[in-house]
Amino acid sequence: MYVSAHQGWVTVEAPAKLNLFLEVLGKRPDGFHELETLMTSVSIFDTLRLRRSSDASISLRCHWATGYLARETAATNAQAASSTTTANDLPSSPFGDLPPPEKNIVTKALVKLRELAGNEQLGCEVHLTKRIASVAGLGGASSDAVAAILAANIAWNLHFSSAELAEVAAAVGSDTVFFLAGGRAICRGRGERVTPVKRACQQFVVARPPVGLSTPRVFSKLKIPQNPLDIATYLGEKTSGEKTSRDGRLHNRLEQPARELTPWIGELSSALDRAGVAQHQMTGSGSSYFGLARSARHARRIAAVLRARQMGLVYSATSATASGFSPLTTTETAQQ
Ligand SMILES: C[C@@](CO)(OP(=O)(O)O)[C@H](O)COP(=O)(O)OP(=O)(O)OC[C@H]1O[C@@H](n2ccc(N)nc2=O)[C@H](O)[C@@H]1O
Ligand SMILES: Nc1ncnc2c1ncn2[C@@H]1O[C@H](COP(=O)(O)OP(=O)(O)O)[C@@H](O)[C@H]1O
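Residues numbered from 1 in each chain as written. Chains lettered and ligands numbered in written order. Predicted model: local features only at pLDDT ≥ 70, side-chain atom pairs only at ≥ 80, totals over all residues. Heavy atoms only, no water.

- If you check an unreviewed UniProt entry, the protein appears there as 4-diphosphocytidyl-2-C-methyl-D-erythritol kinase from Pirellula staleyi.
- A UniProt comment under Sequence similarities (unreviewed entry) is attached to the protein, and it reads "Belongs to the GHMP kinase family. IspE subfamily." (UniProt positions renumbered as here; feature names shortened; annotations may be inferred.)

1. Notes on the overall build of the protein
And step 1. The secondary structure content of the protein amounts to eight helices and 14 strands.
And step 2. Put simply, the protein has 336 residues, and 55% of those count as buried.
And step 3. Sequence separation of at least 24 residues holds for 74% of the intrachain contacts in the protein that already meet a minimum separation of 6.
And step 4. With the model as given, the accessible surface of the protein reaches about 14500 Å², and the carbon-plus-sulfur share is 50%. (Helix = DSSP H or I, 4+ residues; strand = E, 2+ residues; numbered from the N terminus. Buried < 20%, exposed > 50% of the residue type's maximum accessible area, 1.4 Å probe, protein only. Contact = heavy atoms within 4.5 Å. Areas by Shrake-Rupley, 256 points an atom, 1.4 Å probe, with all protein chains shown as cover.)

2. Here's the deal with the nonpolar core
For soluble globular proteins, the rule of thumb is that nonpolar side chains tend to be buried together.
And step 1. Counting residues in each nonpolar core, the largest one holds 71 residues, and the members touching the most others are Met1, Leu38, Leu48, Leu50, Leu110 and Trp156.
And step 2. Top element by residues in this core is helix 2 (residues 140-155). It accounts for ten residues.
And step 3. For this core, the domains that each give at least three residues are domain 1 (2-191) and domain 2 (203-318).
And step 4. Residue contacts for leucine 110: discarding those within four places in its chain leaves Leu50, Ile58, Cys124, Val126, Ala148, Ala152 and Trp156. (Core = buried A, V, L, I, M, F, W, Y, C linked by side-chain atoms within 4.5 Å. Domains from an automatic or database assignment.)

3. Observations concerning helix 3 (residues 162-172)
And step 1. Buried residues of helix 3: Leu165, Ala166, Val168, Ala169 and Ala170, and no others.
And step 2. Its buried side turned inward, helix 3 meets helix 1 (105-117), helix 2 and helix 4 (176-181).

See the structure below:
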């Protein structure tokens, strides 16, 4: 995350993520699945701007960067949960649909944060510009939630510690905690137990087909593996006591169930094979699919091929760099 503050507004660039390895170890009594996943944040960003307001309302205006409005009546009070807008009454965009503001994860995260701060009078105005496609396995909603928590922690002068921020993040999603530091990390449990690993810079081409996939739906099609793969198949030898990732074999246990739900995964896989991309797979619970490119130029070239074949929304992206993605040690302004 990149965080900055200017004239009362806190701005956060919230990255997407890709799952380079994802294994499902079993189903838990709480209905969630025990995961072992290697995630990397990548250079596809939503932009969240937040400033404190003088009253207790939490208002959110959310739109796609292309100009598609997520909600026409975007400004809403967090308490006004009985808004009359519905998820179906506005034109959808090629990025996917977004919920009305009171159901947006950003609003939920801010309500949770002020609840834990013990001050229901805290209010703010939020503008969210979305570029990360939705129901795409790119973690856009989780990243937005963390961006909002970080921005409000500054705007509301809460001085929450990293551990407290992680508690708020975990309360609103499973892969949210990862986004607090981003970079590259192994996430276990529901996704909330995060171990950073050394980063290698990688280039990707990412395509989000015209259909999205809902996470619970993909999990419902999954057959739990008898012999789950060890993440060591992806991670290399230990270096100075810390695991370092090498470009191991990609793996995503959720890809097979997703292939049963949409032909797009198979089509993207074939397109990347034909384009000569050596390693590719689906990210998260889909529907986005990515390939490992040899260079930024290679990624752009493959992206152009996929666009020409109308394979959906196509991005070329690079993995997180060590400097830019740690909100907890970010710029001076952000630490005020
Ligand atoms: C599965 C992953 C892998 O990165 O997929 P993506 O959503 O990113 O594609 C994530 O952990 C998703 O994280 P997140 O999107 O925050 O999930 P949540 O909102 O907490 O859960 C949505 C639903 O997914 C299922 N779910 C999610 C996480 C998990 N470890 N086990 C599950 O079974 C549950 O049915 C849950 O109700
Ligand atoms: N700020 C947000 N951005 C995107 N989707 C959101 C947001 N808030 C809530 N949602 C809901 O979250 C779900 C998609 O989450 P998203 O992170 O885009 O998918 P995925 O986890 O597959 O990447 C959808 O049901 C969507 O309505």
